[in-house]
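Listed below, chain by chain, are the residues.
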Amino acid sequence: MKKLNMAFLAVGICFASNFVKAQAISGKITGKIIDENRHPVDRATVSLSRITDSVTVKYELTATDGSFNIEGINKGIYRIFISSTGMLYYKSDVIKVDGQHPLIQLPEITMRPYSKVLQEVNINHKKPFLEHKIDRTVVNVDAMISNAGTTALEVLEKSPGVGIDQSGTISFHGKTGVAIYIDDKPTYLSGADLENYLRSMPSSMLDQIELMTNPPAKYDAAGTAGLINIKTKKSKVKGFNLGMSLGMRQGRYTTTNSSADFNYRKHKINVFGNFGYTLMNNYNDVDIKRQYFYNAGQPSGAFSQNSYIRRKGSGYNATLGMDIYSSDQTTVGMLFKGIIRSPDNSNNSKGQLFNKVGDPDSSVISQNSEQGKFKNGSANMNYKHTFKKDGPEITANLDYLAYATDNNQLFLNQNYNSAGTLLSNEQLNGGLPANLHIYAAKLDYSQPITEGWKMESGVKSSYTNTDNQANYFNTIAGNPIPDYDKTNHFLYRETITAGYLNLNKDFKRLSIQAGIRVENTDSRGHQLGNAQKPDSAFNRNYTSLFPTLYLLYKLDTLGDNQLKITYGRRIERPYYQDLNPFISPLDKYTYYIGNPYLLPSYSRNYELGYSYKDRITVTMNYMDIRDRVNETIEIRNGYYYDRPGNIGKTKIYDINVDAGFDPATWFSLQLSGDVWHIRETSDFYTGILNTRSTNFSGQVSLQFKLKQGWSLQTDGKYQSKQTNAQFALAAKGRLNVAAAKVLSSRTTIKLSISDLLYTNINRGCIGNLYRTNASFRTLSDTRAALLTLSMRFGKSVDGQRKHDQTGAGEEQDRVKN
């Protein structure tokens, strides 16, 4: 690995030394914007975009006299785009900046009122499904019609390279351990808990999905497989603007996904928010089979079970924020978010035990239920000050987040012999209250330095305090008796302190971005025990460095052909509740157990990519992971124990292709494909775990723009057989069809059918079990019709600032509710 690191570094140094030359110039474009009455237009947004790759390289706000001054421009061909409240969007002619034309004074620009031209304007601009940048790929959610009426989870599953397994674990290019952010803030959730959270978020609240295999040093280093940032919609209008989306989903059961967002901006104050409501109503039909063997390999028995799980409930999401523009250089903001989810789940199952010759031995009929409440509230205070145009900038964030859950479980088991005679009734009640508090402070500073270089630096500190309880009681003769094998109380404290430095510069053809981040983690866990189990505790303290490097080189003067090299080191800390040594029943024969001995995992990620006109992108990736945290399964005395564990060594070789084409003005095509080979070796309770497999995932989307405001779309995804540690997952796929009709400039209706052929079914086998073979199949409510109505009221031009990353970083991504 050291040789590979040195070779990679040598390639990067050679890459840079051959192409970094003093070829950049310092161009400048100035101008003034007025309205039809020759009054200056102040605080208009002026963006400078390169024609060669459509990348926006500079942003400016006009001064009170309507003037703007864009400096530090490299040689190239550009356009100016201008937006202002109540004004029609402006696009300039081509502007060439070179050695003969370094200083360009534009003639006065007159902007026309939007209201006067509303009837004349036919807006045809449509965002592409994918956009590629030096350090991320951006998915525009509304570009795919079939996303309408779905949830954030379903939008993620349709994103290139993203997969979701049978337990709700999200993977990225075949790799688990991806950090999930929402609006630059981690979710602090994992597995089924993250799955439920994303199911409660309507897709109509989403704007973009940012996919980062190697996030910059500014981001927390958490997430060995990279980072996925879900960006929600925010109104961007002066005056008042309101948007609404009403959605209904009809499968076997009916669900609804609706949301509203608003924005009111007047003078120096901007108030914005959104609200989402989801009615959850779905099911899982789960079949599991287990075969047991003697040491010599002869069958010793078997177990089969069918479970019909109903998941009902409601979820509410709300955001309220305010920005105060105290001056042209200073903005103070506050942001409040709240989530309330009320799950109401039931699980009716029948399990059958068989003897060694396959005859029925006994059976158990279970009626399990869980009701609860999940609450999350967060508050953010932020400050941003720019000392001068194209000068130093400082940003500060203070965050407080609180999570509270209170789940009540009931397990009713009836045990029968082979003749069907009732042997016993069992009742177990569980109460699982949990509280988590996170405090975070973050300070970022950026400044242009010599010869076009820009420096970014920052520090961050966070403190996490969790308190989890599990109180279980067996009901015997009508009396509750504590079950001390399952009852527990776990306290956890963690402090993370971090700092980073990042440098970047754009040369004539070469762009460089390099960073280093250092993080210190101090964690302390305390299991209080009970009347039968003693206390236990653990302490850990470790410091790590996380370098990142990005090189982007244009192979031709127009930038149509580009090469990209990236490198990054990442960490995945265990989720807070995974460190909790509780044992929690899922049914009579299945239990979940935490693991206080989990280690953090580290990864090194190398990428070499090529892109053509941002239409075709090919990326080769190599990742080396140590101690990857993954779901592991143990069988002891016929009981099934699900716990997180460290997988010693994982190596992944990956190549993926994204391509987008517009063969005609009315037809567009998007293709994505991923092929990866994974090798995993680790010590395991049954010996050595040694698995390897080559896997494929691909998806295609076809869109047709018809007359009279109609659009049609069909998209599909196929996933081959895959191996992940003990799990061998069968192939699956889906086909979706959708249609949209623009009823007016502010109203759109969409209809789609998901999983038309009903092939998105999770099934597979579990290996490396002690004298046991196990398999499963899960049917879900994946085939459904979705109807969505979207409406907007008010104005529709830019005016609101884009919110920066808040201070509560990686911590929020490590919570289970």
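Analysis parameters
- Residues numbered from 1 in each chain as written.
- Predicted model: local features only at pLDDT ≥ 70, side-chain atom pairs only at ≥ 80, totals over all residues.
- Heavy atoms only, no water.
- Helix = DSSP H or I, 4+ residues; strand = E, 2+ residues; numbered from the N terminus.
- Buried < 20%, exposed > 50% of the residue type's maximum accessible area, 1.4 Å probe, protein only.
- Contact = heavy atoms within 4.5 Å.
- Areas by Shrake-Rupley, 256 points an atom, 1.4 Å probe, with all protein chains shown as cover.
- Core = buried A, V, L, I, M, F, W, Y, C linked by side-chain atoms within 4.5 Å.
- Pairing = 2+ DSSP bridges.
- Salt bridge = Lys/Arg side-chain N within 4 Å of Asp/Glu carboxyl O.
- Polar contact = N/O pair within 3.5 Å; in protein donor to acceptor, adjacent residues only side chain to side chain.
- Patch = residues over 30% accessible without salt bridge, like charges linked within 9 Å, V, L, I, M, F, W, Y side chains within 5 Å.
- Phe/Tyr/Trp six-rings, centres within 6.5 Å; stacked < 30°, edge-to-face > 60°.
- Lys NZ or Arg CZ within 6 Å of the ring centre and 35° of its normal.
- pLDDT = per-residue confidence, 0-100.

(A) Examining the overall build of the protein chain more closely. Each helix and strand counted, the protein chain has four helices and 46 strands in total. Taking all 817 residues of the protein chain together, the buried fraction comes to 53%. Within the protein chain, residue pairs in contact and separated by at least 24 positions form 68% of the contacts whose partners lie at least 6 positions apart. As displayed, the protein chain has an accessible area near 35400 Å², and 57% of this comes from carbon and sulfur atoms.

(B) Looking closely at the nonpolar core. Ile170, Leu198, Ile209 and Ile228 are the most contacted members of the largest nonpolar core, which has 47 residues in total. Ignoring anything within four residues of it in the chain, the contact list for Ile209 reads Thr137, Val138, Val139, Val141, Val155, Leu156, Ser159, Ile228, Asn229 and Ile230. Counting 19 residues, the second largest nonpolar core, distinct from the first, contains Ile29, Ile70, Tyr78 and Met87.

(C) Representation of the pairing of strand β27 (residues 479-482). Judged from the four bridges that link them, strand β26 (residues 454-476) and β27 form a sheet pairing that is antiparallel. Across the sheet, the residue bridging to Asn474 is Ile481, located in β27. Counting the residues between successive antiparallel strands, the hairpin from β26 to β27 contains two residues, one of them, Ala477, with a positive phi of roughly 55°.

(D) Region of interest: the pattern of salt bridges. Counting across every chain of the model gives 20 salt bridges. Of the charged contacts in the structure, one is a salt bridge between Arg517 and Glu519, with a shortest N-O distance of 2.7 Å. Here Asp624 and Arg626 are joined by a salt bridge, their closest N and O atoms 2.4 Å apart. The structure contains a network of salt bridges with shared partners spanning Asp220, Lys460, Arg517, Glu519 and Arg573.

(E) Quick peek at the sheet that holds strand β15 (residues 185-186). With mixed pairing, the six strands of this open sheet are ordered in space as β10-β11-β16-β17-β14-β15. The sheet is open, and its two borders are formed by β10 (130-132) and β15, each paired with just one other strand.

(F) Region of the structure containing the environment of Arg311. Relative to the elements of secondary structure, Arg311 occurs in strand β21 (residues 299-325). Accessibility expressed as a relative area gives 29% for Arg311, which makes it partly exposed. Expressed as a C-alpha distance, the spacing of Arg311 and Pro343, which sit 32 residues apart in the sequence, is 7.1 Å. For Arg311, the residues in contact, after removing those within four places along its chain, are Met280, Asn281, Asn282, Asn284, Asp344 and Asn345. Within the structure, Arg311 has its side chain in polar contact with the side chain of Asn284 (distance 3.0 Å).

(G) Layout of the pairing of strand β29 (residues 510-527). Relative to β29, strand β28 (residues 488-506) is paired through 17 bridges, and the arrangement is antiparallel. Bridging from a neighbouring strand, Ile496 pairs with Thr521 of β29. Between the antiparallel neighbours β28 and β29 lie three residues. Pairing analysis gives 18 bridges linking β29 to strand β30 (residues 536-554), with the strands arranged antiparallel. Paired with Arg524 across the strands is Asn539, a residue of β30.

(H) Main features of a nonpolar patch on the surface. Together, Ile449, Leu501, Leu503, Ile516, Val518 and Leu545 line one region of the surface with nonpolar side chains, adding up to about 430 Å² of accessible area. Elements with a minimum of two residues in the nonpolar patch: β28 and β29. Residue placement: Leu501 occurs in strand β28.

(I) A look at the packing of aromatic side chains. All chains considered together, the criterion is met by 25 aromatic pairs. Three or more aromatic residues joined by ring pairs form one cluster here, namely Phe303, Tyr589, Tyr591, Tyr639 and Tyr641. A cation sits over an aromatic face here: Arg310 above Tyr253, 3.7 Å from the ring centre. The ring centre of Tyr641 lies 4.3 Å from the NZ or CZ of Arg636, which sits over that ring.

(J) Local environment of the side chain of Asn274. Looking at the element boundaries, Asn274 is found in strand β20 (residues 269-293). Look past the residues within four positions of Asn274 in its chain and what remains in contact with it is Met205, Thr232, Lys233, Ala260, Asp261, Asn317, Ala318 and Thr319.

(K) Structural view of unusual backbone geometry. Here Ala477, not a glycine, exhibits a phi torsion of approximately 55°, which is positive. With respect to the helices, strands and loops of the structure, Ala477 is situated in the loop between β26 and β27. For Asp755, which is not a glycine, the phi torsion comes out positive at approximately 50°. Mapping Asp755 onto the fold places it in the loop between β43 (747-754) and β44 (762-769).

(L) Highlighting the confidence of the model for the protein chain. Of all residues in the protein chain, 90% attain a pLDDT of 70 or more, and the chain-wide mean is 85. When the criterion is pLDDT under 50, residues 1-24 qualifies, and its contacts beyond four places in sequence or with other chains add up to 29 contacts. Low pLDDT (under 50) marks residues 115-125, which in the prediction has six contacts with non-local residues, meaning those over four places away or in another chain.

(M) Region of interest: the environment of Pro433. Turning to its location among the elements, Pro433 is positioned in strand β25 (residues 422-448). Sequence separation of Pro433 and Thr405 is 28 residues, and the distance between their C-alpha atoms is 5.6 Å. Residues in contact with Pro433, not counting those within four places in the same chain, are Thr405, Asp406, Asp467, Asn468, Gln469 and Asn471.

(N) Broad picture of the environment of Asp142. As for its position among the elements, Asp142 is in the loop between β11 (137-140) and α3 (152-157). Asp142 gets classed as partly exposed once you look at its relative accessible area, which sits at 45%.

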